[in-house]
Amino acid sequence: MDVFARFVTALALVAAVLFVLAGIMLTYEVLARYFFVRPTIWAAELSQFCLIWGSLIAAPWCLRERRHIRITAVIANLPRGPRLAADVFAMAAVAVFSAIVLVYGYEIFHDSFVRGRTTGTMLDMPMWYVELSLPFGFAILLIQAVIETVRALQGQIVAEGEHD
């Protein structure tokens, strides 16, 4: 396994931890609010940050492992060549979309960083903390999509419905 693949796997594990932390924080918030009538000022906001970061850093692993949502009613019934062509097209589309979001996500992050924008909540956290997840997550997704596009062009990917 190469370095980038290990990095993507590590990010997926970090994402899993972030999802667990979000669940714990939200559970705590519900208990504090409804059973002790002492809501927190931090649980909902930090859990949102965890969910956003977790989703974006897990996406490259999901792409690599083909764990994303795919509609295969037509594709699964095509011969191997057209299935691989559809895979190339799909991975290239993910790469283009990722590049676009990377550029605009960076602009959003940079603007918030420069202006010192905050969440406007009682925590008043800098917005760039969460907005950095866009360029970071989509940069990694872009690299993974390019890798998957090359693999598909080389015929290395087993298309949906085809088993060796």
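Preceding this paragraph is the structure being described.
These lines cover the structure that appears in this document, whether it is placed above or below. Predicted model, so just to flag it, every value in this text is computed and none were measured. (Residues numbered from 1 in each chain as written. Predicted model: local features only at pLDDT ≥ 70, side-chain atom pairs only at ≥ 80, totals over all residues. Heavy atoms only, no water.)

A closer look at the packing of aromatic side chains
What counts is decided by this rule: Ring geometry is summarised as follows: Phe, Tyr and Trp rings, the Trp one being its six-membered ring, pair when their centres sit within 6.5 Å, and such pairs are stacked at plane angles under 30 degrees, edge-to-face over 60 and tilted between the two. In this description a helix means any DSSP run of H or I spanning at least four residues, a strand means any run of E spanning at least two, and both kinds are numbered starting from the N terminus. Residue exposure (1.4 Å probe, protein chains only): buried if accessible area is under 20% of the type maximum, exposed if over 50%, otherwise partly exposed.
Summed over the entire model, instances satisfying the criterion amount to nine aromatic pairs. Measuring from centroid to centroid gives 6.4 Å for F4 and F7, while their planes differ by 50°, and the two rings are tilted. Pair noted here: F4 and F7 are both in helix α1 (residues 3–35), with a separation of three residues, about one helical turn. The interplanar angle of 85° and the centroid separation of 4.8 Å between the aromatic rings of W128 and Y129 together place this pair among those described as edge-to-face. Taking relative accessible area as the criterion, Y129 reaches 36% and is therefore assigned partly exposed. Every member of this aromatic cluster is reached through a ring pair, and the members are Y106, F109, F113, W128 and Y129.

Focus on the side chain of E45
The condition that has to hold: Only heavy atoms enter the contact rule, under which two residues are in contact if any of them lie within 4.5 Å.
Within the element layout of this structure, E45 appears in helix α2 (residues 43–64). Beyond its immediate chain neighbours, meaning those up to four positions away, E45 contacts T119, T121, L123 and M125.

Remarks on the nonpolar core
To keep it simple, the criterion reads: We call a set of buried residues a nonpolar core when its members are Ala, Val, Leu, Ile, Met, Phe, Trp, Tyr or Cys and they connect through side-chain atoms within 4.5 Å of each other.
Counting residues in each nonpolar core, the largest one holds 13 residues, and the members touching the most others are L18, C50, I57 and I140. The set of elements that each furnish at least two residues to this core consists of α1 and α2. Take this core: its biggest share by element is seven residues, from α1. Ignoring anything within four residues of it in the chain, the contact list for I140 reads F4, F7, V8, L11 and P60.

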